[in-house]
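Chain by chain, the residues run as shown.
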Amino acid sequence: MRKFITLFTVVTLAAAVLWRSSPDYRMAVEVVVSVGAIVLAVSALAAHKIIWGLVFLGLLGVFTPFRSGQFSSVLVSTFDMLTLALFAASPIMFRKSATGYRKSGTS
């Protein structure tokens, strides 16, 4: 479920970055990003990745639909691009380390 929501959020943000979304669609973008941020924040906190959890909670504060129209269009575009990069890189954050689970052959 986390992977699907992350992918859906990435696609939504990519569309918002490539095509300037009208105010009618901006609310939908903010809702999708907020849901994605909640899911990834909970996943990060459950995985004991506190810093990443706080980063995604911060995104929730920026993209909350109740603050719509508070930022300039240049700042919104910058937030969209940075958030797109963060969501696109999130699977790397949740990847398990192979070295942590490998047993040493010289026991």
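Located above this text is the structure these notes cover.
Residues numbered from 1 in each chain as written. Predicted model: local features only at pLDDT ≥ 70, side-chain atom pairs only at ≥ 80, totals over all residues. Heavy atoms only, no water.

K.L.:
Account for helix 4 (residues 73-94), with residues named and values stated.
P.N.:
With 22 residues, helix 4 extends 32 Å from end C-alpha to end C-alpha; this agrees with the ideal 32 Å at 1.5 Å per step. Its maximal kink placed at Ala88, helix 4 deviates by approximately 30°, while the proline Pro91 follows within four residues. Every buried residue of helix 4 is accounted for by Val76, Ser77, Asp80, Thr83, Leu84, Leu86, Phe87, Ser90, Met93 and Phe94. (Helix = DSSP H or I, 4+ residues; strand = E, 2+ residues; numbered from the N terminus. Expected span 1.5 Å × (residues − 1). Bend = angle between axes of the 7 residues up to and from the residue. Buried < 20%, exposed > 50% of the residue type's maximum accessible area, 1.4 Å probe, protein only.)

K.L.:
Kindly report on the pattern of salt bridges, identifying the contributing residues and their values.
P.N.:
Tallied over the entire structure, the rule returns two salt bridges. Residue Glu30 is joined to Arg26 by a salt bridge in which the shortest nitrogen-to-oxygen separation is 3.7 Å. Of this pair, Glu30 and Arg26 both sit in helix 2 (residues 23-46), four residues apart, roughly one helical turn. A single burial state applies to Glu30 and to Arg26, both of which are buried. In this structure, Arg26 engages Asp80 in a salt bridge whose closest nitrogen and oxygen atoms are separated by 2.8 Å. With Arg26 in helix 2 and Asp80 in helix 4, this residue pair connects regions lying 54 residues apart in the sequence. One continuous salt-bridge network, built from bridges that share partners, spans Arg26, Glu30 and Asp80. (Salt bridge = Lys/Arg side-chain N within 4 Å of Asp/Glu carboxyl O.)

K.L.:
Explain the nonpolar core to me, and be specific about the residues and the numbers.
P.N.:
Counting residues in each nonpolar core, the largest one holds 17 residues, and the members touching the most others are Val33, Phe56, Leu59 and Phe87. By residue number, the principal contributor to this core is helix 2, which donates six residues. Setting aside anything within four residues of it in sequence, one finds Phe87 in contact with Thr6, Thr9, Val10, Leu13, Val33, Gly36, Ala37, Leu40, Phe56 and Leu59. (Core = buried A, V, L, I, M, F, W, Y, C linked by side-chain atoms within 4.5 Å. Contact = heavy atoms within 4.5 Å.)

K.L.:
Give a detailed account of a nonpolar patch on the surface, specifying residues and quantitative values.
P.N.:
Nonpolar side chains collect at one region of the surface, where Leu45, Ile50, Leu54 and Leu57 lie side by side and expose about 340 Å² of accessible area between them. The element that contributes the greatest number of residues to the nonpolar patch is helix 3 (residues 50-63), accounting for three residues. Within the secondary structure layout, Ile50 lies in helix 3. Given the relative accessible area of 46%, Ile50 is considered partly exposed. (Patch = residues over 30% accessible without salt bridge, like charges linked within 9 Å, V, L, I, M, F, W, Y side chains within 5 Å. Areas by Shrake-Rupley, 256 points an atom, 1.4 Å probe, with all protein chains shown as cover.)

K.L.:
Go over helix 1 (residues 2-18) with me, naming the residues and quoting the values.
P.N.:
Note that an α-helix has 3.6 residues per turn; residues three or four places apart therefore point the same way. In this model, helix 1 (17 residues) spans 24 Å end to end at C-alpha, consistent with the 24 Å of a helix rising 1.5 Å per residue. All of the buried residues in helix 1 are Ile5, Thr6, Thr9, Val10, Thr12, Leu13 and Ala16. Looking down the long axis of helix 1, one finds its buried residues gathered within 170° of arc, a one-sided arrangement. Exposed side of helix 1, more than 90 degrees from the buried face: Lys3, Phe4, Leu7, Val11 and Leu18 are the residues found there. (Arc of directions from axis to C-beta.)

That is the geometry; function is a separate question.
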